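The primary structure of each chain is shown beneath.
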Amino acid sequence: MSKVNLKGLSLSELQTFVESLGEKRYRAAQLFSWLYAKSAQSFDEMTDISKEFREILKHSAALDNLELVTKKTSAQDGTTKFLFQLADGLMIESVLIPPEKTSPNAEKRLTLCLSTQVGCPLDCKFCATGTMGFLRNLTAGEIIDQVIQAQRQNEKRITNLVYMGMGEPMLNYDEVMKSIDLITDESSILIGAKHITVSTAGYADHIRRMADEDRKAKLALSLHSLDNEKRTQLMPITKKFSVDELIDALEYYYRKTKRRPTFEYILFDGFNDTEDDIRKFIKLSKRIPCKVNIIPFHSIEFTHPLGFAAGLHPTPRARMETFADALRKADITVMIRNSSGEDIEAACGQLAVQEKSLVRKQSRKSETKNITNPQLHSAVS
Ligand code: SAH
């Protein structure tokens, strides 16, 4: 009999599971707390559960923990990049980002950047993950376990989560939202939705869906250009949802939720940093109150970019400041992001597991299955 992976199950799914074993429902609440609040790595740690039931669990269930393969810390700024192996041998990365010194409550903040897919199908021309192609979606359990395992490596409490690692969260919407529901549950890890940001390359339909479902996590859009043609060159997803459709969806989102979306904007020298780009941004801010994060372009030379991608270069710092100031004058809230973790290839858009190490010990296939989404595991076997 194949074992059921408990990590990633909701309370009601755990209740169904324990009842299927002939146990009382309250056992599910105990398991939920051990899985998510107390980060148990094995059934033996669950000391308030009887020995007999723990033995039954060992036979019928599993805890598919992510395995830490490597951990690299930046000598420059303390950013830490984790390489995790999934139960089927595939690899993902997560990044722990210390606060920018200027941000409020800097010493208390610690942000983890989470992956939502192995690789990514979107092929944004400036992004290293895109060069890996798409392998599969992560389960809610694999998403939440990035938080659990990173926290186990760190004494300081993780306070914020950004869904900005490998992959496109909206293409894995159900598992991403389930992971947020689990993380924000008061008997769980308990990071509030206000401290969680989901970033999308531009799925207008899912932006509307987040508004309709009144999802409390914050929303960020990787905008990078307000010119449809230029954005299509940078991000082919623009062929599916045009800049106009995206802005309409964001206006809908803002009106419905009253929450300001954040626009991520990488500045590329001479490409999207002109007077015309500033004018377009200011016009947009009249429609939707904006928060803008300007991101320096991080080199992805290590992926050997060709063609259009090879011609993209970062805007020099002084012109980044000029661009930011012009937006600030129009009452737009602007932050220029620093390049945390660039020296260990852990900065925005630099996450890509090098091919050779992508699948390690492929023979070590998991015997477990995930009862909420069994097809995901078979998709890569
Ligand atoms: N697919 C989602 C989340 C992953 S990308 C999205 O597109 O939003 C996370 C952020 O990193 C995005 O804002 C993305 O545009 C940015 N990014 C990607 N490659 C980058 C690079 N080389 N330099 C700087 N930022 C990059």
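Presented here is an overview of the structure given in this document. Note that this is a predicted model, so its numbers are computed, not measured.

### Concerning the sheet that holds strand β9 (residues 160-163)
By definition, the strands of a sheet pair up through backbone hydrogen bonds, in either a parallel or an antiparallel sense. Reading across from one edge, β3-β4-β5-β6-β9-β10-β11-β12-β13-β14 is the order of the 10 strands in this open sheet, with mixed pairing throughout. If you trace the sheet from one side to the other, it starts and ends with β3 (67-73) and β14 (333-336), each paired once. Averaged over all pairs of adjacent strands, the angle between strand axes in this sheet comes to 20°, irrespective of strand direction. Sheet topology note: the strand β5 (residues 91-97)/strand β6 (residues 111-113) ladder contains three bridges and is antiparallel. Opposite Leu-96, over in β6, you have Leu-112 as the bridge partner.

### Considering the packing of helix α9 (residues 275-287) against helix α11 (residues 317-329)
Their axes nearest at 10 Å, the elements α9 and α11 cross at an angle of 30°. Between α9 and α11, the angle falls in the class roughly parallel. Between α9 and α11 the crossing geometry is right-handed. Each of Asp-277, Ile-278, Phe-281 and Ile-282 in α9 lies in contact with α11, whose residues at this interface are Phe-323, Ala-326 and Leu-327. Taken together, the residues of the contact of α9 with α11 break down into six nonpolar, no polar and one charged.

### Observations regarding the packing of aromatic side chains
Within the structure shown, the criterion is met by nine aromatic pairs. With centroids separated by 6.2 Å and ring planes inclined at 80°, the aromatic side chains of Phe-263 and Phe-281 adopt a geometry described as edge-to-face. Of this pair, Phe-263 sits in strand β12 (residues 262-267) while Phe-281 sits in helix α9, and the two are 18 residues apart along the sequence. An aromatic cluster is present here, built from Phe-263, Tyr-265, Phe-281 and Phe-323 joined pairwise through their rings. The ring of Tyr-252 has Arg-208 sitting right over it, with the charged end atom 5.0 Å from the ring centre. The ring of Phe-271 has Lys-230 lying over it, and the distance from NZ or CZ to the ring centre is 5.5 Å.

### Let's talk about empty space enclosed by the protein
Tallying each qualifying case throughout the model produces one cavity of 30 Å³ or more. Reported here for the largest cavity is a volume of approximately 70 Å³. Around the largest cavity sit 11 residues that line it, and Asn-5, Asp-64, Ala-87, Thr-139 and Glu-142 are the ones nearest its centre. Its residues placed into classes, the lining of the largest cavity shows three nonpolar, five polar and three charged.

Here is what the cut-offs are and how they apply
Residues numbered from 1 in each chain as written. Predicted model: local features only at pLDDT ≥ 70, side-chain atom pairs only at ≥ 80, totals over all residues. Heavy atoms only, no water. Pairing = 2+ DSSP bridges. Helix = DSSP H or I, 4+ residues; strand = E, 2+ residues; numbered from the N terminus. Axes fitted to C-alpha atoms, helices over the stretch in contact; angles between N-to-C directions. Parallel < 35°, antiparallel > 145°, perpendicular 65-115°, else oblique. Left-handed = near helix turned anticlockwise from the far one by under 90°. Contact = heavy atoms within 4.5 Å. Nonpolar A, V, L, I, M, F, W, Y, C, P; charged D, E, K, R; others polar. Phe/Tyr/Trp six-rings, centres within 6.5 Å; stacked < 30°, edge-to-face > 60°. Lys NZ or Arg CZ within 6 Å of the ring centre and 35° of its normal. 1 Å grid on protein atoms, 1.4 Å probe; cavity = no way out; pocket = protein on both sides within 12 Å on 5 of 7 lines; lining within 4 Å. Points joined across faces, edges and corners; volume = space filled by probe spheres on them.

It is worth stressing that arrangement in space is one thing and function is another; only the former is reported here.
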